[in-house]
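So the chains spell out like this:
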Number of protein chains: 2
Amino acid sequence: MAATIKDVARLAGVSQSSVCRALARPEQVRPDTRERVERAARDLGYYPNRAARGLITGRTCNIGVVLPDLANPFFPSVVKSIQTHARRSDYAVFLSDTDEDPAVEASLIRALAKQVDGFLLCSPRASDEELRALGDELGATSGEPRTPIVVLNRRVSPFPSVTADSADGMRQAIGHLHALGHRRVAYVAGPRASWSNRDRLRGLRSATASYDMELIEAGNVAPTVDGGAAVADLVAASPATAVIAYNDLVALGLLHRFRARDIGVPGRISVVGFDDILLSGLVVPPLTTVAIAKEEIGRRGVELLIDLLDDRRNPNKRENPRPRNERDDRRPLHRRTATQLIVRESTGPARS
Amino acid sequence: MAATIKDVARLAGVSQSSVCRALARPEQVRPDTRERVERAARDLGYYPNRAARGLITGRTCNIGVVLPDLANPFFPSVVKSIQTHARRSDYAVFLSDTDEDPAVEASLIRALAKQVDGFLLCSPRASDEELRALGDELGATSGEPRTPIVVLNRRVSPFPSVTADSADGMRQAIGHLHALGHRRVAYVAGPRASWSNRDRLRGLRSATASYDMELIEAGNVAPTVDGGAAVADLVAASPATAVIAYNDLVALGLLHRFRARDIGVPGRISVVGFDDILLSGLVVPPLTTVAIAKEEIGRRGVELLIDLLDDRRNPNKRENPRPRNERDDRRPLHRRTATQLIVRESTGPARS
DNA sequence: TTGAAAGCGATACCAG
DNA sequence: CTGGTATCGCTTTCAA
């Protein structure tokens, strides 16, 4: 059996309390005691049981990450960033993939709630109401002992969130297409439940409106390669000379099907993706896409969450106790990260 | 604060014990008691604290998954499969990405050890000795209370493992290339620390030997697109007419660089990958690759692990108490999953 | 069928 | 600086 603090105490000939201190606050014990304890711990291969610790401290040092589909390369990028930054603050990551199912999402969150200090929900698919209900249950936004939630790639009050500036991304994309002479652009929409999808569509509508371009909306598809391939022919049959896909996977599906049907890209139709996943630059033609700051989204999400967790621990003694409400003493609850159009060869002049 | 069992007990007007029973073994309490408890639990939104439960039962109902790099699409596929099957048995997944760093790997495993019932190590990068040392610490293979380890994509005694039949995959690949007229083939090796790399190389050597082909080994590279791109010119300068890459990412890097340098694939050189990640079929030319049963590896890994965990719980009363050592009463400790060559357009006849 | 009490592993508090 | 003791939330004897 793995060694417990008792074993260490016995071997070192001290009390449990001393072991605890020697390991957690070495400066508070006599050097020789500390040394004995350290040696005993090392000999026994002692590692504290974080679950037991969490029980009493109220901190598990785990953060829960919930996302719809790990198979979409966008998410692994974000998760890696989350892991890196979480680890830096000594948090471990509990990951759950919901398979795009809102029901799974909710039950997963509830089940995990007691094992994590807070949640990072990436592109959650639950409705606003459901999310808020969950938040209430966890006391995410209220009274003292609570499990905060930070939402990524979606804005849903009252949760803090980190999102990408899709509107600007769309503006860049549309500006680019307009300059190339395109006047009719199709949008292949992602899942209805996806806030990003709605956000992107909103941005796109405003962008096309301001450029006086026609927007053709192609039905909602799964955010996958197959989803894209499924509507490719429909898009090709439309009068659009360019198509913007919900994300890169969908764009890749379009490209693939276009190639199979010998529909020239960008000769006959230009294609734009969203996310800038690694492999978008590798396909032929390389995909023009709106890059999202994946690393930054993960990092900021972790920062936001850890801030909230710190507050929880010392609710009053904020190191810099500015008077409340004098200036803006609340941290910004919403971070918006920049997007950047990456122009590659899948976009070109509109055929006149 | 989230409700505890006490709150439920108070609200239902019964003792903690009854709440526990009503929820865990409903048939052991009077119907009306059960009902009161159930209603109280529902009203309070009570979810048991799994960590606290784990403390006493010795079961956390979590399994730890450790892998080198989530950015390699191969791993998300395996993880998804693991999650699906783990969830089916009511296990949650604790995921950690080690960034290909053996030191991180070891410390992560130790830190997580107490929070999980067992580990699934995907392609661990630690040395055999280190892994065995870890196993000893966790009592992975020994006495009663312990944390079993199942290793995926690697064989290292004494751990049970699930691997892919690389040798056969290589045989298929080489057979294919040989039939196309290739006689000199290059191998772009992956990380030295990778068992898969060694395994694939071994299989390749034996395959080329039996076909009497020449094998040219190109240095070890990172298992990434950049890694592949980095040696592409070197490969092109060699006398090889075909190249097999450690994995698809590396192959994609090769393809990319070949295209940039206008080195025809498969005209000038054929390219074969390994893993069959989703996007391999989407690049141009589509990549010929050896498919690995990712779903199956995840599933079998979980099965193996859960078997071990069940044993732990009831070490004696095996439902079918066959006499030990009479026949082979041990479950197979190593599962080898099939591989399948997927022929696409990146391979073609050798230029004569 | 139910409740009281012990205890899992660790930390925090309070005496000494 | 150190040790005893209560406690976290839950399950599990053991009696009643």
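Residues numbered from 1 in each chain as written. Chains lettered and ligands numbered in written order. Predicted model: local features only at pLDDT ≥ 70, side-chain atom pairs only at ≥ 80, totals over all residues.

(A) Just the protein's contact with DNA strand D, in detail. Inspection of the region around DNA strand D gives 25 residues, with Ser17(A), Val29(A), Thr33(A), Thr4(B) and Ile5(B) positioned closest. Of all the elements, helix 4 (residues 50-57) of chain B adds the most residues to the surface near DNA strand D, at five residues. Split into classes, the residues belonging to the surface near DNA strand D amount to eleven nonpolar, eleven polar and three charged. (Near = placed C-beta within 6 Å. Helix = DSSP H or I, 4+ residues; strand = E, 2+ residues; numbered from the N terminus. Nonpolar A, V, L, I, M, F, W, Y, C, P; charged D, E, K, R; others polar.)

(B) Local environment of the domain arrangement of chain A. Residues and elements named next belong to chain A. What the domain assignment lists for chain A is domain 1 (62-163 + 294-337) and domain 2 (166-293). Centre-to-centre separation of domain 1 and domain 2, based on C-alpha positions: 30 Å. Contact residues are listed per partner, giving 15 residues for domain 1 and 13 residues for domain 2. Among the elements that make up the side of domain 1 that touches domain 2, the one with the highest residue count is helix 12 (residues 294-313) (four residues). When the residues that make up the side of domain 1 that touches domain 2 are grouped by side-chain class, the tally is four nonpolar, four polar and seven charged. (Domains from an automatic or database assignment. Contact = placed C-beta atoms within 7 Å.)

(C) Spatial organisation of the nonpolar core. Judged by nonpolar contacts, the single largest core of 181 residues is most densely connected at Val188(A), Val243(A), Val188(B) and Val243(B). Residues contacting Val188(B), with those up to four places away along its chain left out, are Ala218(B), Val221(B), Gly228(B), Val231(B), Val235(B), Val243(B), Ala245(B), Tyr246(B), Val250(B) and Leu254(B). (Core = buried A, V, L, I, M, F, W, Y, C linked by C-beta atoms within 7 Å. Buried ≥ 20, exposed ≤ 12 C-beta atoms within 10 Å, placed from the backbone.)

(D) Structural detail: the environment of Arg34(A). Residues and elements named next belong to chain A. Considering the arrangement of structural elements, one finds Arg34 in helix 3 (residues 31-44). Look at Arg34 and you get buried, because 21 C-beta atoms sit within 10 Å. It is 73 Å that separates the C-alpha atoms of Arg34 and Ile263, two residues lying 229 residues apart in sequence. Apart from residues no more than four positions distant in its own chain, Arg34 is found in contact with Ala22, Pro26 and Val29.

(E) Structural detail: the packing of helix 2 (residues 16-24) of chain A against helix 3 of chain A. Residues and elements named next belong to chain A. Direction vectors running N to C along helix 2 and helix 3 enclose 90 degrees, while the axes themselves pass 9 Å from each other. It follows from the interaxial angle that helix 2 and helix 3 lie roughly perpendicular. Contact residues: Ser18, Val19, Ala22 and Leu23 in helix 2; Thr33, Arg34, Val37, Glu38 and Ala41 in helix 3. When grouped by side-chain class, the residues that make up the contact of helix 2 with helix 3 number five nonpolar, two polar and two charged. (Axes fitted to C-alpha atoms, helices over the stretch in contact; angles between N-to-C directions. Parallel < 35°, antiparallel > 145°, perpendicular 65-115°, else oblique.)

(F) Main features of the protein's contact with DNA strand C. The environment of DNA strand C is formed by 25 residues, the closest being Thr4(A), Ile5(A), Ser17(B), Val29(B) and Thr33(B). Contributing elements (two or more residues each) for the surface near DNA strand C: helix 2 and helix 4 (50-57) of chain A together with helix 2 (16-24) and helix 4 of chain B. The element best represented in the surface near DNA strand C is helix 4 of chain A, accounting for five residues. Of the residues contributing to the surface near DNA strand C, the split by class is eleven nonpolar, eleven polar and three charged.

(G) Summary view of the sheet that holds strand 8 (residues 242-245) of chain A. All names here are of chain A. The strand order across the open sheet built from six strands is 7-6-8-9-10-12, with neighbouring strands paired in mixed fashion. Every interior strand has two partners, whereas the edge strands, strand 7 (214-218) and strand 12 (339-342), have only one. Across the sheet, the mean angle separating the axes of adjacent strands is 20 degrees when strand polarity is ignored. Bridging between strand 8 and strand 9 (residues 270-275) involves three bridges; their strand directions are parallel. Note on strand 9: the bridge partner recorded for Ala242 is Ser270. Where helix 8 (residues 166-179) meets the sheet, it contacts strand 6 (184-188), strand 8, strand 9, strand 10 (288-292) and strand 12, and its direction lies at approximately 25 degrees from that of strand 12. Its contacts with the sheet put helix 10 (residues 225-237) on strand 6, strand 7 and strand 8, and the angle it makes with strand 6 is roughly 155 degrees. (Pairing = 2+ DSSP bridges.)

(H) Layout of the pairing of strand 9 (residues 270-275) of chain B. All names here are of chain B. For strand 9, a buried count of six out of six residues is recorded, marking the element as mostly surrounded by other parts of the structure. Considered for its hand, the β-α-β crossover made up of strand 8 (residues 242-245), helix 11 (residues 248-260) and strand 9 is right-handed. Pairing analysis gives four bridges linking strand 9 to strand 10 (residues 288-292), with the strands arranged parallel. Bridge assignment links Asp275 to a residue of strand 10, and that residue is Ala291. (Right-handed = clockwise from strand over helix to strand, strands pointing away.)

(I) A look at the packing of helix 10 of chain A against helix 11 (residues 248-260) of chain A. Residue and element names in this part refer to chain A. Packing of helix 10 against helix 11 leaves a shortest axis separation of 7 Å and a crossing angle of 55 degrees. Between helix 10 and helix 11, the interaxial angle falls into the category oblique. Considering how the two elements wind past one another, helix 10 and helix 11 form a crossing that is right-handed. Only Leu249, Val250, Ala251, Leu252, Gly253, Leu254, His256, Arg257 and Phe258 of helix 11 make contact with helix 10, whose side of the interface consists of Val225, Asp226, Gly227, Gly228, Ala229, Ala232, Asp233, Val235 and Ala236. Classifying every residue of the contact of helix 10 with helix 11 gives eleven nonpolar, four polar and three charged. (Left-handed = near helix turned anticlockwise from the far one by under 90°.)

(J) Representation of unusual backbone geometry. Looking along the chain, the bond that leaves Val265(B) and enters Pro266(B) is cis, with omega of 5 degrees. Mapping Pro266(B) onto the fold places it in the loop between helix 11 and strand 9. Residues Val284(B) and Pro285(B) are joined by a peptide bond in cis, for which omega reads -5 degrees. Looking at the element boundaries, Pro285(B) is found in the loop between strand 9 and strand 10. Positive phi, close to 65 degrees, is recorded for Asp262(A), a residue that is not glycine. Along the polypeptide, Asp262(A) turns up in the loop between helix 11 and strand 9.

(K) Examining the sheet that holds strand 10 of chain B more closely. Residue and element names in this part refer to chain B. Strand order across the open sheet formed by six strands is 7-6-8-9-10-12, with mixed pairing between neighbours. Each edge of the open sheet carries a strand with a single partner, namely strand 7 (214-218) and strand 12 (339-342). Averaged over neighbouring strand pairs, the angle between their axes works out to 20 degrees when direction is ignored.

(L) Just the pairing of strand 8 of chain B, in detail. All names here are of chain B. By the alternation rule, side chains of strand 8 split into Ala242 and Ile244 and Val243 and Ala245, which are all buried. As paired strands, strand 6 (residues 184-188) and strand 8 are joined by four bridges and run parallel to one another. Of the residues in strand 8, the one forming a bridge with Tyr187 is Ile244.

(M) Quick peek at the environment of Ala207(A). Residue and element names in this part refer to chain A. Following the sequence through the fold, Ala207 ends up in helix 9 (residues 195-211). Separated by 53 residues in sequence, Ala207 and Ala260 place their C-alpha atoms 31 Å apart. Setting aside its immediate chain neighbours within four residues, Ala207 contacts Met170, Arg171 and Ile174.

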